[in-house]
Amino acid sequence: MNDLKFAFRQLLKNPGFTAVAVLTLALGIGANTAIFTVVNAVLLRALPYRDADRIVVIWTTNPALNALGFSELPPTYNDIIEWRNQSQSFATIAAF
């Protein structure tokens, strides 16, 4: 108990050091919490869909754009509606 009292007295004697120490601890805890939150949401938790391991991404191709360095494009809204109506391979089709 005496050590704890001594530590608090020393911290009160040096307010600059105390402020830097508290700020450093606060930033470290905040950064750790933010990084863990992102890792938990992106990597650790499963997607909130049934059979999430069966989700695929569908792209359309346009060989004319290959000269620009990319030939894959996201599908248009009309393509998605048409695929949804005619699909026999997919359980459902959604877009974002």
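The rules behind these values
Residues numbered from 1 in each chain as written. Predicted model: local features only at pLDDT ≥ 70, side-chain atom pairs only at ≥ 80, totals over all residues. Heavy atoms only, no water. Helix = DSSP H or I, 4+ residues; strand = E, 2+ residues; numbered from the N terminus. Rg over C-alpha atoms; globule rule 2.2 N^0.38 Å. Buried < 20%, exposed > 50% of the residue type's maximum accessible area, 1.4 Å probe, protein only. Contact = heavy atoms within 4.5 Å. Areas by Shrake-Rupley, 256 points an atom, 1.4 Å probe, with all protein chains shown as cover. Lys, Arg positive; Asp, Glu negative; His and termini not counted. Charge placed at Lys NZ, Arg CZ, Asp CG, Glu CD. pLDDT = per-residue confidence, 0-100. Salt bridge = Lys/Arg side-chain N within 4 Å of Asp/Glu carboxyl O. Patch = residues over 30% accessible without salt bridge, like charges linked within 9 Å, V, L, I, M, F, W, Y side chains within 5 Å. Axes fitted to C-alpha atoms, helices over the stretch in contact; angles between N-to-C directions. Parallel < 35°, antiparallel > 145°, perpendicular 65-115°, else oblique. Nonpolar A, V, L, I, M, F, W, Y, C, P; charged D, E, K, R; others polar.

**Q** Explain the overall build of the protein chain to me, please; I cannot follow it from the model alone.
**A** A count of helical and extended segments in the protein chain gives three helices and two strands. Starting at the N terminus and ending at the C terminus, the protein chain contains elements arranged as α-α-β-β-α. Relative to the compact-globule value of 12 Å for 96 residues, the protein chain shows a C-alpha radius of gyration of 27 Å, a clear excess of over 25%. In the protein chain, which comprises 96 residues, the share counted as buried stands at 4%. In the protein chain, the proportion of contacts linking residues at least 24 apart, taken out of those at least 6 apart, comes to 9%. Surface exposure of the protein chain reaches about 8900 Å², of which carbon and sulfur atoms provide 63%. Side-chain charges of the protein chain comprise 7 positive and 6 negative groups, with the mean position of each set lying 24 Å from the other.

**Q** Can you walk me through the confidence of the model for the protein chain in this structure?
**A** As a general rule, the predicted coordinates of low-pLDDT regions are not to be interpreted in detail. Put simply, the protein chain has an average pLDDT of 87, and 100% of its residues get 70 or more. Strand E2 (residues 72-73) is the least confidently modelled element of the protein chain, averaging 82 in pLDDT, while helix H2 (residues 15-44) averages 93, the highest of any element.

**Q** Sorry if this is basic, but what is going on with the pattern of salt bridges here?
**A** Think of it this way: side chains of opposite charge can pair up when their charged atoms draw near. Within this structure, the stated rule accounts for two salt bridges. Between Arg-50 and Asp-51 there is a salt bridge, and its shortest N-O distance comes to 3.6 Å. Using a relative accessible area of 36% as the deciding quantity, one classes Asp-51 as partly exposed. The residue Asp-51 makes a salt bridge to Arg-54 at a minimum N-O spacing of 4.0 Å. Three or more residues are tied together by salt bridges with common partners; here these are Arg-50, Asp-51 and Arg-54.

**Q** Can you walk me through a nonpolar patch on the surface in this structure?
**A** A cluster of nonpolar side chains, contributed by Ile-35, Phe-36, Val-38, Val-39, Val-42, Leu-43 and Leu-44, occupies part of the molecular surface with about 720 Å² of accessible area. Following the sequence through the fold, Val-42 ends up in helix H2.

**Q** Sorry, what's going on with the environment of Ala-67 here?
**A** Here Ala-67 is to be found in the loop between strand E1 (60-61) and E2. Using a relative accessible area of 77% as the deciding quantity, one classes Ala-67 as exposed. Linking Ala-67 and Val-22, residues 45 residues apart in sequence, is a C-alpha distance of 56 Å.

**Q** Sorry, what's going on with the packing of helix H1 (residues 2-13) against H2 here?
**A** Two quantities define a packed helix pair, namely the angle between the helix axes and the distance between the axes. In contact at an axis separation of 5 Å, H1 and H2 are set at 105° when each is read in the N-to-C sense. In terms of orientation, H1 lies roughly perpendicular with respect to H2. Contacts between H1 and H2 involve Leu-11, Leu-12 and Lys-13 from the first element and Pro-15, Phe-17 and Thr-18 from the second. Residue composition of the contact of H1 with H2, grouped by class: four nonpolar, one polar and one charged.

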